[in-house]
Number of protein chains: 2
Amino acid sequence: MKKYNANIEAILIADNPDTFVSRRIPRTHITLGGIEGDRHFGITSLADSRQPMYPRGTTIFNRRQLTITSVEECMEMADCLGVDYIDPEWLGANVMVSGFPNLTNLPIGSRMILPSGAGLLCMGENKPCTLPGEQIQVHFDQPNLTAKFVKAGFKRRGIVCLVEVPGLMAVGDEINILENEYDNPMQ
Amino acid sequence: MKKYNANIEAILIADNPDTFVSRRIPRTHITLGGIEGDRHFGITSLADSRQPMYPRGTTIFNRRQLTITSVEECMEMADCLGVDYIDPEWLGANVMVSGFPNLTNLPIGSRMILPSGAGLLCMGENKPCTLPGEQIQVHFDQPNLTAKFVKAGFKRRGIVCLVEVPGLMAVGDEINILENEYDNPMQ
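Calculation criteria
Residues numbered from 1 in each chain as written. Chains lettered and ligands numbered in written order. Predicted model: local features only at pLDDT ≥ 70, side-chain atom pairs only at ≥ 80, totals over all residues. Heavy atoms only, no water. Helix = DSSP H or I, 4+ residues; strand = E, 2+ residues; numbered from the N terminus. Buried < 20%, exposed > 50% of the residue type's maximum accessible area, 1.4 Å probe, protein only. Lys, Arg positive; Asp, Glu negative; His and termini not counted. Salt bridge = Lys/Arg side-chain N within 4 Å of Asp/Glu carboxyl O. Polar contact = N/O pair within 3.5 Å; in protein donor to acceptor, adjacent residues only side chain to side chain. Contact = heavy atoms within 4.5 Å. Axes fitted to C-alpha atoms, helices over the stretch in contact; angles between N-to-C directions. Parallel < 35°, antiparallel > 145°, perpendicular 65-115°, else oblique. Left-handed = near helix turned anticlockwise from the far one by under 90°. Nonpolar A, V, L, I, M, F, W, Y, C, P; charged D, E, K, R; others polar. Buried area = accessible area lost by both parts, 1.4 Å probe. Phe/Tyr/Trp six-rings, centres within 6.5 Å; stacked < 30°, edge-to-face > 60°. Arc of directions from axis to C-beta. Least-squares fit on C-alpha atoms with pLDDT ≥ 70 in both.

A. Local environment of the side chain of arginine 63 of chain B. Among the secondary structure elements, arginine 63 of chain B is positioned in the loop between strand E5 (59-61) and strand E6 (66-70). Glutamate 164 of chain A is the oppositely charged side chain nearest to the buried, salt-bridge-free arginine 63 of chain B, at an N-O distance of 4.6 Å. Of the polar contacts made by the side chain of arginine 63 of chain B, one reaches the backbone oxygen of methionine 123 of chain B; its length is 3.1 Å. Other than its neighbours up to four places away in sequence, arginine 63 of chain B contacts Gly109, Arg111 and Leu121 of chain A together with Ile108, Met123, Val160, Cys161 and Leu162 of chain B.

B. Structural view of the packing of helix H1 (residues 71-81) of chain A against helix H4 (residues 145-153) of chain A. Residue and element names in this part refer to chain A. As a packed pair, H1 and H4 sit with axes 9 Å apart at the nearest point and diverge in direction by 135 degrees. Accordingly, the angle class assigned to the pair H1 and H4 is oblique. In the crossing of H1 with H4, the sense of the turn from one axis to the other is right-handed. Mapping the contact onto sequence places Met77, Cys80 and Leu81 in H1 and Leu145, Lys148, Phe149, Ala152 and Gly153 in H4. In the contact of H1 with H4, the residues fall into six nonpolar, one polar and one charged.

C. How the structure looks around the pattern of salt bridges. All names here are of chain B. Counted by the stated rule, this structure contains 12 salt bridges over all chains. Here glutamate 89 and arginine 24 are joined by a salt bridge, their closest N and O atoms 2.8 Å apart. Within this pair, whereas glutamate 89 is found in helix H2 (residues 88-91), its partner arginine 24 is found in strand E2 (residues 23-25), the two being separated by 65 residues in sequence. Taking relative accessible area as the criterion, glutamate 89 reaches 15% and is therefore assigned buried.

D. Representation of the interface of chain B and chain A within the structure. If you look at the interface, chain B gives 45 residues, while chain A gives 45 residues. Interface of chain B and chain A: buried area, both sides summed, is about 3,500 Å²; carbon and sulfur atoms make up 63% of it. Our count for the contact surface shared by chain B and chain A stands at zero salt bridges. In this assembly, chain B and chain A are joined by four residue pairs in polar contact (both at pLDDT 80 or more). Mapped onto the side of chain B that touches chain A, the elements with two or more residues apiece are E5, strand E8 (111-113), strand E9 (119-125) and strand E10 (159-165) of chain B. Of the residues assigned to the side of chain B that touches chain A, the class counts are 23 nonpolar, 14 polar and eight charged.

E. Region of the structure containing the packing of aromatic side chains. Residue and element names in this part refer to chain A. Inspection of the entire model under this criterion finds nine aromatic pairs over all chains. Aromatic side chains tyrosine 85 and phenylalanine 140 sit 5.4 Å apart centroid to centroid with 75 degrees between the ring planes, which places their arrangement in the edge-to-face category. Here phenylalanine 140 lies in the loop between helix H3 (131-139) and H4 and tyrosine 85 lies in the loop between H1 and helix H2 (88-91), a separation of 55 residues in the sequence. The class for phenylalanine 140 is buried, based on a relative accessible area of 13%. Here the aromatic rings of tryptophan 90 and phenylalanine 140 are separated by 5.8 Å at their centres, their planes lie at 80 degrees, and the arrangement is edge-to-face. Note that tryptophan 90 is positioned in helix H2 and phenylalanine 140 in the loop between H3 and H4, a separation of 50 residues in sequence. The residues tryptophan 90 and phenylalanine 140 share a single accessibility class, namely buried. One aromatic cluster is present, built from ring pairs that chain together Tyr85, Trp90 and Phe140.

F. Just H3 of chain A, in detail. Turning to H3 of chain A, its buried residues number three or more, namely Pro132, Gly133 and Ile136 of chain A. Relative to the axis of H3 of chain A, the buried residues are bounded by an arc of 100 degrees and lie together on one face.

G. The side chain of arginine 157 of chain B, seen in detail. All names here are of chain B. Within the fold, arginine 157 resides in the loop between helix H4 (145-153) and E10. Despite being buried, arginine 157 has no salt bridge partner; glutamate 125 is the closest side chain of opposite charge, sitting 8.6 Å away. Of the polar contacts made by the side chain of arginine 157, one reaches the backbone oxygen of leucine 91; its length is 3.2 Å. Within the local environment of arginine 157, its side chain forms a polar contact with the backbone oxygen of lysine 127, the two atoms lying 3.3 Å apart.

H. Representation of the relation of the copies chain B and chain A. In screw terms, the move from chain B to chain A is a rotation of 180 degrees and a rise of 0.0 Å along the axis, fitting with an RMSD of 0.0 Å. Between the two chains, the operation in question is that of a two-fold axis. Relative to the rotation axis, the C-alpha of isoleucine 108 of chain B is the closest in chain B, positioned 3.6 Å from it. A symmetric contact is evident, with 100% of the interface residues of chain B recurring at the interface of chain A.

I. Representation of the environment of glutamate 181 of chain B. All names here are of chain B. As for its position among the elements, glutamate 181 is in the segment after strand E12 (174-178). Since its relative accessible area comes to 39%, glutamate 181 is described here as partly exposed. Spatially, the C-alpha atoms of glutamate 181 and lysine 2 are 8.0 Å apart, while their sequence positions differ by 179 residues. Apart from residues no more than four positions distant in its own chain, glutamate 181 is found in contact with Met1 and Lys2. In this structure the side chain of glutamate 181 is engaged in a polar contact, spanning 3.4 Å, whose partner is the backbone nitrogen of lysine 2.

Rendered as structure tokens:
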């Protein structure tokens, strides 16, 4: 099993019901379901366009309990858009890490273990949508950022996780990343 | 996305606290956590040797809510051991399907959708252990079946699933299998 390290640069919560934009907090206790008070918190969520195999609004298990982005991929997206920076708040991210540039490529089933003993299970790529692009457009005086974001975010927007083991998470934590190996591809 | 079909040949519950061996039932209502009354039922479970990154006994999210095996792979295991058949009861399986021979290779993140609208999310291979081998040994008068089972079960023992959408599951149901494509391998 391949192992990597990353550092937590920011923890964020989306607790304003009027927006998906998140705000920074120094630490939190993650629990089954994610971060209490966050708009994506819960063991269940409602099916949307990402789950076309279920009728819209069906109660489904929530695999998007936390979203994680990386400093390096935010920089790549900014370069791609020609802007100076992209804040994780604008992505609605819950965690921003550094030191692990290819975060979005982390395979589903990989784990992130925190110093507190808490653990996250990667449930795959966070597919880009247009909402973050609209936020980026608000902050920079350049045309078409909203439309360009979908392409800029492809394979760079980070991952979604579920909480496997509850516990404390704090800015400055070093995460141990345990890559899930593809040991069962279809023949 | 690749799609396949399979048929439910048996549904089983392990509700005898003295054994992991399961018994057949004609139908059940699967719910978040699996099959109520089954030994693997629950949103959480306790870490064991399969999760060496956590202290043994830690409460963790339960990704092994249901185990599924296939008629075809049970036959392959039987051939490998030189016995006439292997019953899903002896594996402690909850579901046996037919018509989808490479079940164990189904990638993590794939879905199985039932006619009722219920859905299962594949969480990877069910790693072989020695307990089913001991059960098989009880039923056949041949030496070393317990030891041989670990090898015979490799890549053939089926998968573990979590319940994504609750609902009815019945023997005779046709399952739609939606393969998760490996769109994010590490570079």
